[in-house]
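Summary of the model geometry
For reference, the chains in residue letters:
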Amino acid sequence: MTEKKTFRLSADYIKKQKAKAIAVSVVLDIIVLAGITARLWYGRESDEAFWKVATIVLPTAMVAGVLVLRFFVRKANTRFKDFRITFDGKKLEQHAFEQPKLSIPLNEISDIVTDENGAVRVKGKSEEEIVLLNQLEGREELLGMIRR
């Protein structure tokens, strides 16, 4: 019997996904701040009223933006770090963040197909499908073990 092996996404891939989450959050924060500023500026009755409101609203929006940024970065980090595929010689299992576990016994694998983007899809007879992404560390080793 083969010992149970776990395969995870590469650290570089996780780092790139985290950077994307940060970039998207920063852009959204800038858009929200610009919208708030424009609304305050064009809705002002006087410059004095604008600055009184702006000194409260803008810093509050900035703090909220930083909190939202941290939330999305942590969520992305958890999502990718929790993703794993395990193989114990009898079955292939995919564990993903907040998703049900997928399992395909070796004797029920009906097809192994490579997509145009290089991802490998392991299909089971029961319509289950586990995708082995390019970013999975040890993917070729795992494919070799499955095909034996």
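Residues numbered from 1 in each chain as written. Predicted model: local features only at pLDDT ≥ 70, side-chain atom pairs only at ≥ 80, totals over all residues. Heavy atoms only, no water.

1. Observations regarding the layout of surface pockets
Computed from the structure, the largest pocket encloses a volume of approximately 160 Å³. Forming the walls of the largest pocket are L9, Y13, R79, F80, F83, Q94, A96, F97, Q99 and L133. For the lining of the largest pocket, the per-class residue count stands at seven nonpolar, two polar and one charged. (1 Å grid on protein atoms, 1.4 Å probe; cavity = no way out; pocket = protein on both sides within 12 Å on 5 of 7 lines; lining within 4 Å. Points joined across faces, edges and corners; volume = space filled by probe spheres on them. Nonpolar A, V, L, I, M, F, W, Y, C, P; charged D, E, K, R; others polar.)

2. A few points about helix α1 (residues 11–42)
The terminal C-alpha atoms of α1 lie 46 Å apart, and with 32 residues this matches the ideal 46 Å at 1.5 Å per residue to within 8%. What α1 keeps buried is the set Y13, I14, Q17, A21, S25, D29 and L40. Tucked into the core, α1 has its buried residues touching α2 (47–82). (Helix = DSSP H or I, 4+ residues; strand = E, 2+ residues; numbered from the N terminus. Expected span 1.5 Å × (residues − 1). Buried < 20%, exposed > 50% of the residue type's maximum accessible area, 1.4 Å probe, protein only. Contact = heavy atoms within 4.5 Å.)

3. Details of the environment of D12
Assignment of secondary structure puts D12 in helix α1. The sequence separation of D12 and Q135 amounts to 123 residues, and the corresponding C-alpha distance is 8.6 Å.

4. Some points on α2
Under the 1.5 Å per step criterion, the end-to-end length of α2 is 51 Å for 36 residues, consistent within 8% with the ideal 52 Å. The sharpest bend along α2 comes to roughly 35°, located at A54. Of all the residues in α2, the buried ones are F50, A54, L58, A61, G65, L69, V73, A76, N77 and F80. Packing partners of the buried residues in α2 comprise α1. (Bend = angle between axes of the 7 residues up to and from the residue.)

5. Some words on the nonpolar core
Residues I85, L92, L132, L136, L142 and I146 are the most contacted members of the largest nonpolar core, which totals 23 residues. At the level of secondary structure, the elements contributing two or more residues to this core comprise α1, α2, β2 (84–87), β6 (120–124), β7 (129–132) and α3 (139–147). Tallying contributions element by element places α3 first for this core, with four residues. Not counting the four nearest positions on each side in its chain, L132 is found in contact with I85, A119, V120, V122, R139, L142, L143 and I146. (Core = buried A, V, L, I, M, F, W, Y, C linked by side-chain atoms within 4.5 Å.)

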